[in-house]
Structures are given as C-alpha cells and as structure tokens.
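Reading the structure
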Amino acid sequence: HSLYLKMSTFVLNVEENVKILLESSPPSDGAASCTAMLLANVHCQLGECILYDDINDTILWTDIYGKKFYKLPLSGTDGVVVSCTKRLSSSMLCAFALTTRNNVYLCAWHNGFQLFDLETNKSLSDYSTGEDVCPLQLPTRLNDGRCDSSGRRFICGGYFGEKPNAYMKVFKVELNKKKNQLVHSSILDKIQVTNSLCFSPDESKMYLADSPTRQIHVHDYNKETGEIDNKRLVYTESLGVPDGSCCDAQGYIWNAVWRGGAGPSMVHRIDPNTGEIVFTVHMPDSTSQVCCCCLGGKDLDVLFITTASEGRDGEKEPHAGGIYAAKVGFKGRKEGRFVVT
C-alpha cells in the first residue's frame, strides 16, 4: 500500500482491493459460510463503530486507542482517509452516529456526547447535559452506540475499564430542540462492557450484550420514549465474547466474535428467534480480535469488519487491526441519522 501525508490526514491507497471486493460474487444459495478478504491493513489498535454512510457511499470507523477517524470511499480514488486532528489526539472517539448534516457526527468521546465536525475540527454543540457518564474516570469510558432510525435518539453505553466491581450505564441521547442542547439519561444502570447494540427492522426490539457474560439479550424498545424492558436471552457465544453487531433487513443479527488470541475469529449471523448460527464469515488469516461489523455498499450486501491489534503479537497476527470485508448476499439496512437543526 502507498501511504502519504496530507495535512493532518493520511491516505492509504486500497483502490484495487475495493474493486476486487465489489466485483466479487456472493456465496451460493444455501452456503453456510464464506471467507472475508483483507481490505486495508491499517493496524488499528481498537477499530470500532464501523458504519456505512449511504449518501456518500463511504465506510467510516474509529480507532479508539489509536485516536484516529477513518473514511473509506467505495467509489472514486481517495483510498482510506485517516484523520488525526487536534481534537481526536486529545480524546478517544469511542462511538459516533451519522447526522442529517454532512460531515457532522454525534460523537461519543470517552467522557461525553457532542455534535462535532471531524473534517474541520469544530465543535457544534456543548457536551450533553445529564449525569456524569464516566464517574470513575479513565480507563472507564463510553463504548458501543447506535442511532435509531427515527433519528430522535442515540443509544450508547460504557466500558468498565477492567476495574474490579466497576459498572457503567447505557444512555439515551436526545436533542432538546427548544434549547438546541443535547441531553442524556440512563436507560440501563448496570453493565460492564456495552456491545452488540442494534435494533430489529421494525425497532420494536433492541439487542445488547454485556460482553463478559458472553450473552446477547433482546429488550423491548419503546420508540416514543427510548426506554427498554422485558430482557430475554437470545444467544450465548462459546468461542469468544460478543463484540459489535448489526441487524440485517431480515432481522438477523451479525455479531463480531472477539477471541483475544484464542485462534482466528469470525462474524456469526444469528437467528434472533432461535439463537441458531445460520451463516459465518471467517477471517482469512490468524486475526483473532474482530470488533465490529456493518453491511454496506450500494446494495447493502457487503459485510465490513473492524479488528484490533491491541495486545497481540504482530508476528503471529500480522494483519491484526486491519479492515476486512466479504460480499455476503444478505441485505443490510441504512443507518439512522441523528436529526440536527
């Protein structure tokens, strides 16, 4: 790959890999698995919150510990655009949501929520008001998050930083339009590692994992209030721990399995009604820390996967932290966009 510096932005040329990916064929009907390809060997420390921006035909993700924000346009010749602005270098971008304004994101920094233009390095709102989302300070922080399809709220929860007996919360973030102020409040008061946060197609259900338990649960989701209740078990992961997820147009959960050095990892497609694994996307190599996934591309049928190099031996896992992808033949759904005025 060629790598060159452009102001505070690096660009990694992966045009040929993108072309190969988009021209590939999906698995045959009835196939139970396929193998991803390495799309960009970007060596993220902790690649997370991968999303498809359908308006700009671009894949976006964050490297939480590397303090960088990535864009990969799927059309054109820009390659991977890596932003490492002053704001990013001083905070961890743990999750984010698309908004109704181009290049403006609802950012979950490690300690709060804010509307921010990552292109120009400008804040467009104060931090959201509400209780302290990170009262125990670093290494506890915010973690996984997602906007619902109405664009009225962003749901995001915390990570306990491996502190003994520490717990975090899951919050809903909304915009008070009268005051033009972000506000947040808790919808779940006890969780250690928020992951797998996604919604069923009709958004009557919200899926959520507390990763150390290895379990993904479903909650009834009130679209009017953003509250959740009636928690039920959907799936227990035996090969690792459930990390980030997305939900496809048929309502199946795609879950990234974090194995932490215990062998090559994968993404499972899970039937939410039975807990059965119906399809698996395997890594093509030894990469063991798969973090998050999204379905993107113009037909929403390509699975994009982030991984992490944190704590791994580069000789044993040379592509850890890379971005992988596979045309899977199952259709995803457009990401919700947080409505801003």
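All of the points below concern the structure found in this document. Here the structure is a predicted model, which is why all the values come from computation and not from measurement. (Residues numbered from 1 in each chain as written. Predicted model: local features only at pLDDT ≥ 70, side-chain atom pairs only at ≥ 80, totals over all residues. Heavy atoms only, no water.)

**Here we look at the nonpolar core**
Operational definition: To define a nonpolar core, start from buried Ala, Val, Leu, Ile, Met, Phe, Trp, Tyr and Cys residues and group those joined through side-chain atoms within 4.5 Å. Per-residue accessibility, obtained with a 1.4 Å probe over protein chains only, is compared with the maximum for each type, and a residue is labelled buried under 20%, exposed over 50%, and partly exposed between these values. Only DSSP runs of H or I with at least four residues qualify as helices, and only runs of E with at least two residues qualify as strands; both kinds are numbered from the N terminus onward.
Membership of the largest hydrophobic core comes to 62 residues, with the highest contact counts inside it found for Trp-61, Val-80, Phe-113, Phe-154 and Phe-304. By residue number, the principal contributor to this core is strand E9 (residues 93-98), which donates six residues.

**Quick notes on the sheet that holds strand E3 (residues 33-35)**
Worth spelling out the cut-off: We call two strands paired when DSSP finds no fewer than two bridges between them. All axes here are fitted lines through C-alpha atoms, helices being fitted over the stretch that makes contact, and every angle between N-to-C directions spans 0 to 180 degrees.
Spatially, E3-E24-E23-E22-E21 is the arrangement adopted by the five strands of the open sheet, whose pairing is mixed. The open sheet has two free edges, formed respectively by E3 and strand E21 (241-247), since each of these has just one partner strand. Across the sheet, the mean angle from the axis of one strand to that of its neighbour is 20°, orientation sign disregarded. The sheet contact formed by strand E23 (residues 266-270) and strand E24 (residues 277-282) spans five bridges and is antiparallel. Bridge assignment links Val-267 to a residue of E24, and that residue is Val-281.

**Here's the deal with empty space enclosed by the protein**
Definition in use: Cavities and pockets were defined on a 1 Å grid built from protein atoms only: a cavity is a group of points that admits a 1.4 Å probe but offers it no way out, a pocket is an open group of points flanked by protein on both sides within 12 Å along at least five of seven lines, and a lining residue is one with an atom within 4 Å of any such point. Grid points are joined across faces, edges and corners, and a volume is the space filled by probe spheres set on the points. Each residue receives one of three labels: charged for Asp, Glu, Lys and Arg, nonpolar for Ala, Val, Leu, Ile, Met, Phe, Trp, Tyr, Cys and Pro, and polar for the others, Gly being one of them.
Throughout the structure, instances matching the rule amount to four cavities of 30 Å³ or more. In terms of lining residues, the largest cavity is bounded by Glu-48, Cys-49, Ile-64, Cys-94, Ala-95, Asn-143, Asp-144, Gly-145 and Asn-195. Counting residues per element, the ones that place at least two in the lining of the largest cavity are strand E5 (47-53), E9 and strand E13 (141-147). The greatest single-element share of the lining of the largest cavity, amounting to three residues, is contributed by E13. A class-by-class count of the residues in the lining of the largest cavity yields four nonpolar, three polar and two charged.

**A closer look at the packing of aromatic side chains**
What counts, and what does not: Under the pairing criterion, centres of Phe, Tyr and Trp rings, with the six-membered ring standing for Trp, must be within 6.5 Å; the plane angle then separates stacked pairs below 30 degrees from edge-to-face pairs above 60, leaving the rest tilted.
According to the stated counting rule, one finds twelve aromatic pairs in the structure shown. Here Trp-61 and Tyr-70 contribute two aromatic rings whose centre-to-centre distance is 4.9 Å and whose plane-to-plane angle is 10°, an arrangement assigned as stacked. With respect to class, Trp-61 is no different from Tyr-70; both count as buried. Note on Phe-199 and Tyr-221: the rings are 4.8 Å apart at their centroids and 55° apart in plane angle, and the pair reads as tilted. Taken together, the residues Phe-199 in strand E17 (residues 194-199) and Tyr-221 in strand E19 (residues 215-221) connect sequence positions 22 residues apart.

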